[in-house]
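# Coordinate analysis (summary)
Below, each chain spelled out in residue letters.
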Amino acid sequence: MIRRPPRSTLFPYTTLFRSRKMNFTERLKQSENSIRVLLVSCLFFNSISAGSVQLTSDNFDKLVGESETGLVLFGANWCPYSVMLTPDFDRAASDLRIRNEGRYLFGKVDCDDQTALSSRFHISKYPTLKLITNGQVAKKEYRGQRSVDALVEFIQEQLKDPVKEFTLFAEVEKIDDKTRAVVGFFESKESLQYNAFRKSAKNLRDYCVFYALIGEAAQNQRANGDVIAFRPSRTKYGDSNVHFNGTFHDSMEITNWATELCMPLVREITFENAEELTEEGLPFLILFHHPDDDEIVKKYSQIVKEELGNDKGNINCLTADGIQFSHPLHHLGKTQKDLPLIAIDSFRHMYLFPDIKHMTEPGKVKQFVDDLYSGKLHREFHYGPDPVDNEVAHHPDGSSSQDPSGQPTTPPESTFKKLAPSSSRYTLLRDEL
């Protein structure tokens, strides 16, 4: 973990000629180094002739509120990663301005000076790039490449219409059944209802795909007015639809309704979202499965819904492609031939669910999770199974268990913690996990 250096390190010019014994060459060299440090440390704040804007508590809400999309860079002038990112951040902002790419904002926050903004958005690492959506700072962070082209491409993608328009209802029936979809049927694209739907689509574009039929194309479906329906993944449209029954011109009401459906209790972990999921800091309960095994995913999701619905704030329930995530399997002593299987990654160790055949037995998965929090999983790895009778073995740490073999074992170390924010990419203000 990198900590902020002392002020004497940040501002070396204050001690530039403190020693009278320096020769001319040494003084000249130290002067050059000091100037470099000053220029680099000031670079984060310099937005002159750049497309980015310095944000403070006084202008933050106004400027963000006026923006359709954009990025806010939270950093500090002593953080090397913030300093390295700043020139490309400014250039990306300038490039977008030249292209006149819609209502966007590239803003920078000096977290040392604007501590209230840093606290407000729970900044725990520098640089943090927060996404702006519909005039608000989203929870989502930009975690992609930090090049000019990548930043420009990302914002251009955000500026695209988040709603895919169909002209025939037959196209709705052909929506990929592996995606979660929200489908709207509207009288006009100029209506308040469609505008609210579009705003919700921008908020949730990373979690659901939004589709719409307009006017005559939607006539048969909107006999009683506009319609918005959610279609779960791995189903056909019409099989398990959930209809919105709220206020159609209220984008926040639509967003809140769709969020519960588009961000389910069970999510899929990928290499693209792994850093974000690990940063949430919750242990993982993971089903490793073959990508074509839809049936086991359905069973697992149903069990999680029934048994772990109240544990949403304590554990992340995930599925993982066992082909792509083969390294964790090897860490557990398993291969693709052993799929499917369930494991917990506590970010310290990994624990294997004994036998996936018992997954459907009531309470088995819930007990597995409870055993993590009671310490039983860790204890049994070290000392063997807990006693079931009165035979108890006492250990130096005060715990008690039965150890038939007498040989302590060590659970495999966490593999997913290695996908968390890295000190080679961020200045970590505190341990992430």
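What you see is a predicted model; the values in this text were computed from it and never measured.

## Regarding the environment of Phe271
Along the chain, Phe271 turns up in the loop between β12 (266–269) and α10 (274–279). Residue Phe271 is classed as partly exposed on the basis of its relative accessible area, which comes to 48%. Placed 53 residues apart in sequence, Phe271 and Gln324 show a C-alpha to C-alpha distance of 8.8 Å. Discounting chain neighbours no more than four positions away, the residues touching Phe271 are Gln324 and Phe325.

## So, the packing of helix α4 (residues 80–99) against helix α6 (residues 148–159)
Working note: a packed helix pair is described by the angle between its axes plus the distance between those axes. For the pair α4 and α6, the least separation of the axes is 8 Å and the interaxial angle reads 45°. With respect to α6, the axis of α4 lies oblique. Relative to α6, α4 is oriented so that their crossing is right-handed. Touching Leu85, Asp88, Phe89, Arg91, Ala92, Asp95, Leu96 and Arg99 of α4 are Val148, Leu151, Val152, Ile155 and Gln156, all from α6. When the residues that make up the contact of α4 with α6 are grouped by side-chain class, the tally is eight nonpolar, one polar and four charged.

## Comments concerning the sheet that holds β12
Read across the sheet, five strands follow the order β12-β14-β13-β15-β16 without closing on themselves; strand pairing throughout is mixed. One side of each edge strand has no neighbouring strand; the edge strands of this open sheet are β12 and β16 (350–352). Neighbour-to-neighbour, the strand axes of the sheet open up by a mean angle of 30°, direction not taken into account. In terms of strand pairing, β12 meets strand β14 (residues 316–321) through four bridges, oriented parallel. Among the inter-strand pairings, Ile269 is bridged to a residue of β14, identified as Ala320. Contacting β12, β13 (284–289), β14 and β15 (341–345), helix α11 (residues 294–307) runs over the sheet at an angle of about 160° to β13.

## Here we look at helix α13 (residues 364–374)
Buried residues of α13: Val365, Phe368, Val369, Asp371 and Leu372, and no others. Across the axial projection of α13, the buried residues extend over an arc of 155°, all falling on one side. Gly375 occupies a position one or two residues after α13 and carries a positive phi of about 90°.

## A closer look at the packing of aromatic side chains
Each pair of aromatic rings is reported with the distance of its centres and the angle of its planes. Applying the stated criterion across every chain yields a total of 20 aromatic pairs. Between the aromatic rings of Phe169 and Phe185, the centroid separation amounts to 6.3 Å while the plane-to-plane angle is 35°, which identifies the pairing as tilted. Highlighted residues: Phe169 in helix α7 (residues 169–172) and Phe185 in strand β8 (residues 181–186), separated in sequence by 16 residues. Here Phe169 falls in the partly exposed class, since its relative accessible area comes to 24%. Judged by its relative accessible area of 0%, Phe185 is buried. The rings of Phe271, Phe284, Phe288, Phe325, Phe347 and Phe416 are connected pair by pair, giving a single aromatic cluster. Residue placement shows Lys125 over the ring face of Tyr426; its charged tip is 5.2 Å from the ring centre. Seen from the ring of Tyr426, Arg146 lies directly overhead, with NZ or CZ sitting 4.8 Å from the centre.

## As for the side chain of Lys130
When you line up the elements, Lys130 lands in strand β5 (residues 128–133). Non-local contacts of Lys130, meaning those with residues more than four positions away in its chain, are made with Gly70, Leu71, Val72, Phe74, Phe121, Ile123, Val137, Ala138, Lys139, Lys140 and Glu141.

## Focus: the sheet that holds strand β1 (residues 53–54)
Read across the open sheet, the five strands follow the order β1-β3-β2-β5-β6; overall the sheet is mixed. Of all strands in the sheet, those bounded by a partner on one side alone are β1 and β6 (136–141). In terms of strand pairing, β1 meets strand β3 (residues 104–110) through two bridges, oriented parallel. When the sheet's bridge partners are listed, Gln54 is paired in β3 with Lys108. Sitting on the sheet, α4 touches β2 (69–75), β3 and β5, and the angle it makes with β3 is about 155°. Taken strand by strand, α6 contacts β2, β3 and β5, and its axis lies near 140° from that of β2.

## Some points on the state of the cysteines
This model, assessed by the stated rule, comprises one disulfide. Residue Cys208 pairs covalently with Cys262 via a disulfide, S to S 2.0 Å. Sign of the S-S torsion, about -105° for the bond between Cys208 and Cys262, identifies this disulfide as left-handed. Of the two residues, Cys208 sits in the loop between α8 (192–203) and β9 (209–214) while Cys262 sits in helix α9 (residues 251–262), which places them 54 residues apart along the sequence. With no disulfide of its own, Cys79 has Cys111 as its nearest cysteine by sulfur position, at a separation of 9.6 Å. Classification of Cys79 by relative accessible area gives buried; the value is 0%.

About the thresholds
- Residues numbered from 1 in each chain as written.
- Predicted model: local features only at pLDDT ≥ 70, side-chain atom pairs only at ≥ 80, totals over all residues.
- Heavy atoms only, no water.
- Helix = DSSP H or I, 4+ residues; strand = E, 2+ residues; numbered from the N terminus.
- Buried < 20%, exposed > 50% of the residue type's maximum accessible area, 1.4 Å probe, protein only.
- Contact = heavy atoms within 4.5 Å.
- Axes fitted to C-alpha atoms, helices over the stretch in contact; angles between N-to-C directions.
- Parallel < 35°, antiparallel > 145°, perpendicular 65-115°, else oblique.
- Left-handed = near helix turned anticlockwise from the far one by under 90°.
- Nonpolar A, V, L, I, M, F, W, Y, C, P; charged D, E, K, R; others polar.
- Pairing = 2+ DSSP bridges.
- Arc of directions from axis to C-beta.
- Phe/Tyr/Trp six-rings, centres within 6.5 Å; stacked < 30°, edge-to-face > 60°.
- Lys NZ or Arg CZ within 6 Å of the ring centre and 35° of its normal.
- Disulfide = S-S within 2.5 Å.

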